[in-house]
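# Structural overview for review
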Amino acid sequence: MAEASRCSLEKMSNKFSIAIHGGAGTILRSSMTAELQAQYEQGLNDALMAGYAILQQGGSSLDAVEAAVMSLEDFPLFNAGRGAVFNSEGKHEMDAAIMYGKDLSAGAVSGVRSIKNPVHLARVVMERSGHVLLSGEGAEKFAAQQGFTFEDAAYFYNDTRYRQWQEAVAEGSVVLDHTEKKFGTVGAVALDQHGNLAAATSTGGMTNKKFGRVGDSPVIGSGTYANNKTCAISCTGHGELFMRAVVAHDISCLMEYKGLSLKEACDIVVYDKLVKIGGEGGLVAVDAKGNIAMPFNSEGMYRAMADSDGSKEIKIYKD
Ligand code: ASP
């Protein structure tokens, strides 16, 4: 099966970069059809280009990561927004976060049920609430005050997700998204032409997760982090382990305090620290110079990158 594309974009003078993911896990060529793979690649490409266009026009990294993640949230194959998985009560509880490396401002929501684009609500929390993280009913009350419209359960309903939940209930298991093990969270990181970094992550969490469970995605420093001094990171993987390893902030600290490169810091955390505690997953990262890293210790990760040097890549598997 043809592995995804590598092609060239127009070269720009001020450096900018974007990387996105649609989740990591056991993504095997043997369980993928050509048609499904093309759909995933299309979803990744649309999101990548939504963010890229903003960066190319001189827009902010914050707008770029928000636009890319909203595009992924609207795409039903990824476990976020429209495609969010069912929890143990047959409901959707979504988490999201966004962070701006320029001033370390951050916003997040957890356990929201009827918000079409949780990452947008996270941004509004960041800009208008005076807080960093709002959860559940309170987050939805705030959304109503801010003029958000709500989607009903039918918008988030999807036969495949329902079947996955029923299977998980029958087995009594809590399943990380998709067949076998796949973590379907979505995320984006970007460096803009003004030198500012941003990161955003959004997820439906784990199929059949306990009501009220919150993963790493909305926890600033665990699943999402951005700091102009170092890097911007968005994670996907087994949230409990990513929280315990404080993954995103740890990478930033290795760069800031030990002077490691983005790649060196990512490699230590993803291939050593996480592996030692059984933390399966990966992340996308960009540093202040626009270098990108997309490491994962699982079989595959839906991922894509593009930058002002004209590189563009969309990939799913290891090779
Ligand atoms: N990290 C997410 C969580 O634990 C799951 C994922 O990446 O799919 O909620």
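As a starting point, this report considers the structure included with it. All values reported here derive from a predicted model rather than from experimental measurement.

A count of helical and extended segments in the chain gives nine helices and 14 strands. Contacts spanning at least 24 positions in sequence make up 71% of the contacts within the chain whose residues lie at least 6 apart. As displayed, the chain has an accessible area near 12400 Å², and 51% of this comes from carbon and sulfur atoms.

So, on to the sheet that holds strand E10 (residues 231-237). Taken together, four strands build an open sheet; the order of strands is E9-E10-E11-E12 and the sheet is antiparallel. Both outer strands of the open sheet, strand E9 (224-226) and strand E12 (292-293), are each paired with one neighbouring strand and no more. Sheet analysis places E10 next to strand E11 (residues 281-287), joined by seven bridges and oriented antiparallel. By the bridge assignment, Gly237 is partnered in E11 with Gly281. Running over the sheet, helix H8 (residues 247-258) touches E9, E10 and E11 and is turned about 145° from E10. Against the sheet, helix H9 (residues 262-276) engages E10, E11 and E12, with an angle of about 165° to E11.

With the rule as written, the count across this model stands at five aromatic pairs. The interplanar angle of 25° and the centroid separation of 4.2 Å between the aromatic rings of Tyr40 and Tyr302 together place this pair among those described as stacked. Of this pair, Tyr40 sits in helix H1 (residues 34-56) while Tyr302 sits in strand E13 (residues 300-307), placing them 262 residues apart in sequence. When the centroid spacing of 5.8 Å and the interplanar angle of 75° are considered together, the rings of Phe78 and Tyr302 count as edge-to-face. With a gap of 224 residues between them, Phe78 in the loop between helix H2 (61-73) and strand E3 (94-100) and Tyr302 in strand E13 connect regions that are remote in the sequence.

Once that is clear, we can look at the packing of helix H3 (residues 118-128) against helix H4 (residues 136-145). The N-to-C vectors of H3 and H4 enclose an angle of 80°; their axes lie 11 Å apart at closest approach. On the basis of their axis angle, the class for H3 and H4 is roughly perpendicular. From H3, Leu121, Val124, Val125 and Arg128 reach across to H4, where they touch Ala139, Phe142 and Ala143.

The next thing to look at is the pattern of salt bridges. Under the criterion given, the structure shown has 11 salt bridges. A salt bridge links Lys15 to Asp309; the shortest N-O distance between them is 2.8 Å. Here Lys15 is found in the loop between strand E1 (6-8) and strand E2 (17-25), whereas its partner Asp309 is found in the loop between E13 and strand E14 (311-317), with 294 residues between them in sequence. Asp309 sits in the partly exposed class, given a relative accessible area of 40%. Here Arg123 makes a salt bridge to Asp63, at a shortest N to O gap of 2.6 Å. Residue Arg123 is located in helix H3, and its partner Asp63 is located in helix H2; the two are separated by 60 residues in the primary sequence.

What follows is about the site of the ligand. The ligand sits among 11 residues. The nearest are Thr185, Arg213, Asp216, Thr236 and Gly237. One of the side-chain N or O atoms of Thr185 is found 2.7 Å from an oxygen atom in the ligand. Between the ligand and Gly239 there is a distance of 3.0 Å, counted from an oxygen atom to a backbone nitrogen or oxygen. Computed on the free molecule, the ligand has an accessible area of 270 Å², of which 100% lies beneath the protein chains in the complex.

The next subject is the pairing of strand E7 (residues 186-191). Across the six residues that make up E7, a large majority, six, are buried. Both faces of E7 are covered, namely the face carrying Val186, Ala188 and Ala190 and the face carrying Gly187, Val189 and Leu191. Both E2 and E7 contribute to a ladder of five bridges, which runs antiparallel. What sits directly across from Ile20, in E7, is Ala188. As defined by bridge partners, E7 adjoins strand E8 (residues 197-203) across six bridges and the pair is classed as antiparallel. In the strand pairing of E8, Gly187 is matched with Thr201. Taking the residues between adjacent antiparallel strands as the criterion, E7 and E8 are bridged by five residues, where Gly195 takes a positive phi near 85°.

How each quantity is defined
Residues numbered from 1 in each chain as written. Predicted model: local features only at pLDDT ≥ 70, side-chain atom pairs only at ≥ 80, totals over all residues. Heavy atoms only, no water. Helix = DSSP H or I, 4+ residues; strand = E, 2+ residues; numbered from the N terminus. Contact = heavy atoms within 4.5 Å. Areas by Shrake-Rupley, 256 points an atom, 1.4 Å probe, with all protein chains shown as cover. Pairing = 2+ DSSP bridges. Axes fitted to C-alpha atoms, helices over the stretch in contact; angles between N-to-C directions. Phe/Tyr/Trp six-rings, centres within 6.5 Å; stacked < 30°, edge-to-face > 60°. Parallel < 35°, antiparallel > 145°, perpendicular 65-115°, else oblique. Salt bridge = Lys/Arg side-chain N within 4 Å of Asp/Glu carboxyl O. Buried < 20%, exposed > 50% of the residue type's maximum accessible area, 1.4 Å probe, protein only. Near = heavy atom within 4 Å. Polar contact = N/O pair within 3.5 Å; in protein donor to acceptor, adjacent residues only side chain to side chain.

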